[in-house]
Amino acid sequence: MLEIETERNEDDDFAVLRPRGDIDAYSVAQFREALGEQSEAGRLVVDLCNVPFMDSAGLGALIGGVRKIRENSGKVAVYCTSNALVRLLHTTGFNRIVPVEETLTGAVSALNQ
C-alpha cells in the first residue's frame, strides 16, 4: 500500500513529496495524482527514501510530474538513498534531466541552482 505525504517548507519556499511503499502499476495513479497536485508548487523535492520498489509505470509518472512542474516554470530534485532506485534512475538517464541527490540538503541545493 502506498502512502503519500506532502510537507511545505515555508522558510526555503519548497515542498517535499514523500511516498512510502511500492510505486507500481497498482499504486501509480495515486502517485501521479499527488505529483499533479504539486504542479504549481514552484520547487519540489521528491523524497524516494521510503520507496523500496518502482517499476516503469512509476518512473513514467515521475517523468510526467516533472514535465508538468517544469511547464509551470518550477524546479524538481529527487532525494533517494536506495541503491536500487538510484541505479534505476541512473540507468534510465533520469538523472540527466533531474538532479538525484543522496541527501535532502543536496536536493534542496539542486533546486537553488
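For the structure itself, consult the block above.
This report concerns the structure included in the present document. (Residues numbered from 1 in each chain as written. Predicted model: local features only at pLDDT ≥ 70, side-chain atom pairs only at ≥ 80, totals over all residues. Heavy atoms only, no water.)

### Remarks on the overall build of the protein
Point 1. Of regular secondary structure, the protein possesses four helices and five strands.
Point 2. Sequence-ordered secondary structure for the protein, helices as α and strands as β, is β-β-α-β-α-β-α-β-α.
Point 3. Against the compact-globule benchmark of 13 Å for 113 residues, the protein has a radius of gyration of 13 Å, which places it among compact chains.
Point 4. Taking the principal axes of the C-alpha coordinates as reference, the protein spans close to 35 × 25 × 20 Å.
Point 5. Within the protein, buried positions represent 46% of all 113 residues.
Point 6. When contacts within the protein are restricted to residue pairs at least 6 apart in sequence, those whose partners lie at least 24 apart make up 65%.
Point 7. Working note: accessible area of the protein is about 6,100 Å², and carbon and sulfur atoms make up 45% of it. (Helix = DSSP H or I, 4+ residues; strand = E, 2+ residues; numbered from the N terminus. Rg over C-alpha atoms; globule rule 2.2 N^0.38 Å. Buried < 20%, exposed > 50% of the residue type's maximum accessible area, 1.4 Å probe, protein only. Contact = heavy atoms within 4.5 Å. Areas by Shrake-Rupley, 256 points an atom, 1.4 Å probe, with all protein chains shown as cover.)

### Thoughts on the sheet that holds strand 4 (residues 75-79)
Point 1. Spatial strand order, 1-2-3-4-5: five strands in an open sheet with mixed pairing. The open sheet has two edge strands, strand 1 (3-9) and strand 5 (100-101), and neither has a second partner.
Point 2. The strands touched by helix 4 (residues 104-111) are strand 2 (14-20), strand 3 (43-47), strand 4 and strand 5; relative to strand 4, the strand with the most contacts, the crossing angle is about 165 degrees. (Pairing = 2+ DSSP bridges. Axes fitted to C-alpha atoms, helices over the stretch in contact; angles between N-to-C directions.)

### Focus: the side chain of Ser 27
Point 1. Here Ser 27 shows up in the loop between strand 2 and helix 1 (28-37).
Point 2. By relative accessible area, which is 9% here, Ser 27 ends up buried.
Point 3. Within polar-contact distance, the side chain of Ser 27 engages the backbone oxygen of Asp 22 at 2.8 Å. (Polar contact = N/O pair within 3.5 Å; in protein donor to acceptor, adjacent residues only side chain to side chain.)

### Details of the nonpolar core
As a rule of thumb, nonpolar side chains are buried together in soluble globular proteins.
Point 1. Judged by nonpolar contacts, the single largest core of 28 residues is most densely connected at Phe 31, Val 46, Leu 48, Leu 62, Val 78, Leu 89 and Phe 94.
Point 2. For this core, the secondary structure elements donating two or more residues are strand 2, helix 1, strand 3, helix 2 (56-71), strand 4 and helix 3 (83-91).
Point 3. Among the elements that make up this core, the one with the highest residue count is helix 2 (five residues).
Point 4. Filtering out sequence-adjacent residues up to four positions away, Val 78 remains in contact with Val 46, Leu 48, Leu 89, Phe 94, Val 98, Pro 99, Val 100, Glu 101 and Ala 107.
Point 5. In this structure, Val 45, Ala 77, Tyr 79 and Ala 107 belong to the second largest nonpolar core, which totals nine residues. (Core = buried A, V, L, I, M, F, W, Y, C linked by side-chain atoms within 4.5 Å.)

### Quick notes on unusual backbone geometry
Point 1. At Ser 73, a position not held by glycine, the phi torsion is positive, near 65 degrees.
Point 2. Among the secondary structure elements, Ser 73 is positioned in the loop between helix 2 and strand 4.

### Structural notes on helix 1
Point 1. Those residues of helix 1 not exposed but buried are Val 28, Phe 31, Ala 34 and Leu 35. Angularly, the buried residues of helix 1 cover 125 degrees about the axis, an arc narrow enough to put them on a single face. Exposed and facing more than 90 degrees away from the buried side of helix 1 are Glu 33 and Glu 37. (Arc of directions from axis to C-beta.)

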